Structures are given as structure tokens and as C-alpha cells.
Amino acid sequence: MSLVFPAARLTRDSEFRRCDVAFDIGQDHEVASEHIERIRDICCQSGASAKVSSIHINVWYGEYSKSSTTLHWLKKQGASQDQAIFIGDSPNDESMFAAFDLTIGVANIHDFLPKLQHLPKYISSRPGGLGFAELARTLPV
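Keep in mind it's a predicted model, so treat the numbers as computed, not measured.

The strands that make up a sheet are held in pairs by hydrogen bonds between backbone atoms, and each pair lies either parallel or antiparallel. Strand order in the open sheet formed by four strands is β1-β2-β4-β3, and the pairing between neighbours is antiparallel. Single-partner strands in this sheet number two, and they are β1 (9–10) and β3 (49–52). Sheet topology note: the strand β2 (residues 21–24)/strand β4 (residues 56–60) ladder contains four bridges and is antiparallel. Note on β4: the bridge partner recorded for Ala 22 is Asn 58. With respect to the sheet, helix α1 (residues 33–45) is in contact with β2, β3 and β4, its orientation differing from that of β3 by roughly 160 degrees.

Right, here's the structure in full:
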């Protein structure tokens, strides 16, 4: 990929990933939006699945998603999605927005709403971790 896109860099945590490869597009290294879409397209054309988040492009082979693995884990715990709240911030969270009844997007999800078919039910007024903290303060103790 680096020969096609010199700006494409693997994430810092690449050595710890077991099921995907992730390109850094905004965590430590900024990548132009037109390059982000092209990198994703090249990965998909090779037969991989690729989802863009606010900081990474996650790429993997196989028939699974964030929601399918989460639902599997919940089942193993004896719980269901109606007992869970999901909070996300980007297009890679879309399968979770579709699978769960109670979903929240932090404020920076606004940048991605035109690209999503499945939207969060609620959107916090603050971005990122501040949006998560906003949600946490509303939960009963």
C-alpha cells in the first residue's frame, strides 16, 4: 500500500491486532479524505472488508462485523442487545447503530451522518471522550 499511497501508515498498535490491519488516518498521522476513500476502495477491490473510523481504516477478511462479534459475546455472557447501550463516533460503528436499540453518537458523528444508512438514536452535545463522559453522567448510579 505504501507504494501506491506513501501517506498510508499502519497504526501504532498493529503488532497487537489479531483479526485486522489498521491504517492510521487521524490518530497520529493525518491523511487527506480523497486518499482515505481510495485506500478503502483498494482494500475492498482486493476482496477485503474495510471500514473507516474517525482515526483508522480497519481492514479484514471474513464474514464478521463489530455488531456480529459483540452480539456473539453478549450471548456468551447471557445478555442481549436490549440490555446494552452502544456509543460510537464514526462509520465503522454503523453495524452497531443498526443492531442495538439504544445507541448514542458522540458529537463528531455529525461529520459522517450523510454517509450512514443506520444512525444513532441520540447524539451527544460534546465530541469524543467528552461525549462519552456526558453519557456516563446521565446514567443512574
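Moving on, we come to the packing of aromatic side chains. According to the stated counting rule, one finds two aromatic pairs in the structure shown. Ring centres of Phe 86 and Phe 97 lie 5.8 Å apart, and the angle between their planes is 65 degrees; this geometry places the pair in the edge-to-face category. Linking Phe 86 in strand β5 (residues 86–88) with Phe 97 in helix α3 (residues 94–99), this pair joins segments that are eleven residues apart in sequence. With relative accessibility at 12%, the residue Phe 86 sits in the buried group. For Phe 97, a relative accessible area of 2% gives the class buried.

Taken in spatial order, the three strands line up as β5-β6-β7 in an open sheet, and their pairing is parallel. The open sheet has two free edges, formed respectively by β5 and β7 (122–123), since each of these has just one partner strand. In terms of strand pairing, strand β6 (residues 103–105) meets β7 through two bridges, oriented parallel. The partner of Ile 104 across the bridge, within β7, is Tyr 122.

Most of β4 is tucked away: five of the five residues are buried. Side chains His 56, Asn 58 and Trp 60 project from β4 onto one buried face, and the interleaved Ile 57 and Val 59 project onto a second face that is buried too. Looking at chain direction, β3 and β4 are connected through four bridges and run antiparallel. Opposite Lys 51, over in β4, you have Asn 58 as the bridge partner. Taking the residues between adjacent antiparallel strands as the criterion, β3 and β4 are bridged by three residues.

Now for the nonpolar core. With 13 residues, the main nonpolar core has Phe 23, Ile 25, Ile 36, Ile 39, Cys 43, Ile 57 and Val 59 as its most contacted residues. Secondary structure elements with two or more residues in this core: α1, β3 and β4. Of the residues forming this core, the biggest block, three residues, is contributed by α1. Core analysis: the next-biggest nonpolar cluster, separate from the first, contains eight residues, Ala 84, Phe 86, Met 96 and Leu 116 among them.

A few words on the environment of Ser 53. By the element assignment, Ser 53 lies in the loop between β3 and β4. Sequence separation between Ser 53 and Asp 89 is 36 residues, and the spatial gap between their C-alpha atoms is 7.6 Å. Setting aside residues up to four positions removed in sequence, Ser 53 forms contacts with Ile 25, Asn 58, Ser 90 and Asn 92. One polar contact links the side chain of Ser 53 to the main-chain amide nitrogen of Ile 55, over a distance of 3.1 Å.

Reading the values: the criteria
Residues numbered from 1 in each chain as written. Predicted model: local features only at pLDDT ≥ 70, side-chain atom pairs only at ≥ 80, totals over all residues. Heavy atoms only, no water. Pairing = 2+ DSSP bridges. Helix = DSSP H or I, 4+ residues; strand = E, 2+ residues; numbered from the N terminus. Contact = heavy atoms within 4.5 Å. Axes fitted to C-alpha atoms, helices over the stretch in contact; angles between N-to-C directions. Phe/Tyr/Trp six-rings, centres within 6.5 Å; stacked < 30°, edge-to-face > 60°. Buried < 20%, exposed > 50% of the residue type's maximum accessible area, 1.4 Å probe, protein only. Core = buried A, V, L, I, M, F, W, Y, C linked by side-chain atoms within 4.5 Å. Polar contact = N/O pair within 3.5 Å; in protein donor to acceptor, adjacent residues only side chain to side chain.

This is a description of form; function is not addressed.
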